[in-house]
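# Structural overview for review
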Amino acid sequence: IMQWSLQRQSSWVQLAGHQGNFRLSEGGEVLKRFSEVEAVCLQALMVDPLRSFVPQYYGSVNRGGHSYIRLEDLLSGLKNPVIMDCKMGVRTYQEEELTRAQTKPTLRADMYLKMKKADPTAPTKEENEQQGVTKWRYMQWRDCNSSSSTLGFRIEGVMMDNGTVHRDFKKALTAVQVTEALLCFTKSQLPILKSYHSRLQALGESLKESPFFKTHEVIGSSLLFVHDRTSKASIWMIDFGKTIPVPSGMELRHNVPWALGNREDGYLIGLANLSSFLGQAIDQ
Ligand code: ATP
Ligand code: MG
Ligand code: MG
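Residues numbered from 1 in each chain as written. Chains lettered and ligands numbered in written order. Predicted model: local features only at pLDDT ≥ 70, side-chain atom pairs only at ≥ 80, totals over all residues. Heavy atoms only, no water.

### What about the site of ligand 1?
The criterion, for reference: Consider each residue's heavy atoms; a residue with any of them within 4 Å of a molecule or strand counts as near. Definition of a polar contact: a pair of N or O atoms within 3.5 Å, with one able to donate and the other able to accept a hydrogen when the atoms are protein atoms, and with sequence-neighbouring residues admitted only if both atoms are side-chain atoms. For the accessible areas, the method is Shrake-Rupley and the probe is 1.4 Å, while residue cover comes only from the protein chains on display.
Around ligand 1, 18 residues are found, and the nearest of them are Trp12, Lys32, Glu72, Asp85 and Asp239. Residue asparagine 21 places a side-chain N or O atom 3.3 Å away from an oxygen atom belonging to ligand 1. The contact in question runs from an oxygen atom of ligand 1 to an N or O atom on the side chain of aspartate 85, over 2.5 Å. Notes on ligand 1: free accessible area 620 Å², of which the protein chains cover 89%.

### Details of the pairing of strand 3 (residues 29-33)
Here is the rule: Three exposure classes are used, based on accessible area relative to the maximum for each residue type with a 1.4 Å probe and protein chains only: buried under 20%, partly exposed in between, and exposed over 50%. Numbering of helices and strands runs from the N terminus; a helix is a DSSP stretch of H or I covering at least four residues, while a strand is a stretch of E covering at least two. DSSP-based pairing: two strands are paired if at least 2 bridges between them are found.
For strand 3, the tally of buried residues reaches four of five residues, placing the bulk of the element in the interior. Judged from the four bridges that link them, strand 2 (residues 22-25) and strand 3 form a sheet pairing that is antiparallel. Bridge pairing in strand 3 places arginine 23 opposite leucine 31. Hairpin connection of strand 2 to strand 3: three residues between the antiparallel strands, including glycine 27 at a positive phi of 75°. Where strand 3 lies against strand 5 (residues 66-72), five bridges are found, and the strand directions are antiparallel. The partner of glutamate 29 across the bridge, within strand 5, is glutamate 72.

### Remarks on the layout of surface pockets
Rules: Cavities and pockets were defined on a 1 Å grid built from protein atoms only: a cavity is a group of points that admits a 1.4 Å probe but offers it no way out, a pocket is an open group of points flanked by protein on both sides within 12 Å along at least five of seven lines, and a lining residue is one with an atom within 4 Å of any such point. Grid points are joined across faces, edges and corners, and a volume is the space filled by probe spheres set on the points. Classes in brief: Ala, Val, Leu, Ile, Met, Phe, Trp, Tyr, Cys and Pro nonpolar; Asp, Glu, Lys and Arg charged; the others, Gly included, polar.
Here the second largest pocket defines a volume of roughly 260 Å³. Secondary-structure elements contributing two or more residues to the lining of the second largest pocket are helix 8 (190-209), helix 9 (211-214) and helix 10 (267-283). Sort the elements by how many residues they give to the lining of the second largest pocket and helix 8 lands first, with six residues. Grouping the amino acids of the lining of the second largest pocket by side-chain chemistry returns seven nonpolar, four polar and four charged.

### Some points on unusual backbone geometry
A positive phi angle is found at aspartate 239, which is not glycine, with a value near 70°. Note on placement: aspartate 239 falls in the loop between strand 13 (233-238) and strand 14 (244-245).

Given below as structure tokens:
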């Protein structure tokens, strides 16, 4: 638990990603460091059935020598928002990243340290001796050390209404732990749980209709859950920096296991689990 101090004068808070990647801009906009991959996705999403689940995209802008993507600030107008970032999918690296990392197996000291910090027993004897791990070993460990590989999503971070940020939910592995986290995040308030549940169902319907979804490997993308004390609650799709099109003619199902080469991301496995946990929380 840590107290969030940055930019508390507005409701803006950043639950994931590098600190330097974002700037708050005037007029209810958020500026995120430009990536071509993400810009292309957002452009396509603005004319897709998923449009109402994605922050408005206003194109790009230059500030202080850097390019940024202009996005609707999803927290704008909310008082003491409560937010949760759920990273979707059974893996959070692209197939491309994995094969690249496997062909160039250099040892990474930074990843070794991150791994050791999260779990001192995770590095093998050999990795401890080398003080390094390969990138692909780190990527796979990260997904298996969270609920990503088993449940198809993981909770990256939660901010409560008093501004405290929890990132330790990342380690929630089991269905029981994740459901507990959801109850804690909503303080078990029934109207909020119900709003989230129906929003997820509407998202499920739109995903079925979406040409974008059928043709993209959606990796490292999150659902951002947002509510405040007025009980308004919504869910948004964010972060398309690793979402890439599959070869033309190919379509993904998103609800089958991943095997190297099939490009499947398990997005709908995560969505079904999230929806079922929320449903159980409502029935409790
Ligand atoms: P990473 O790849 O490490 O997840 P990133 O740099 O790609 O991070 P995002 O995941 O897009 O960044 O966003 C990081 C955080 O910023 C989110 O968890 C959320 O808290 C906040 N955020 C992002 N986009 C918006 C938005 N449009 N409105 C409000 N908050 C946002
Ligand atoms: Mg993210
Ligand atoms: Mg990202």
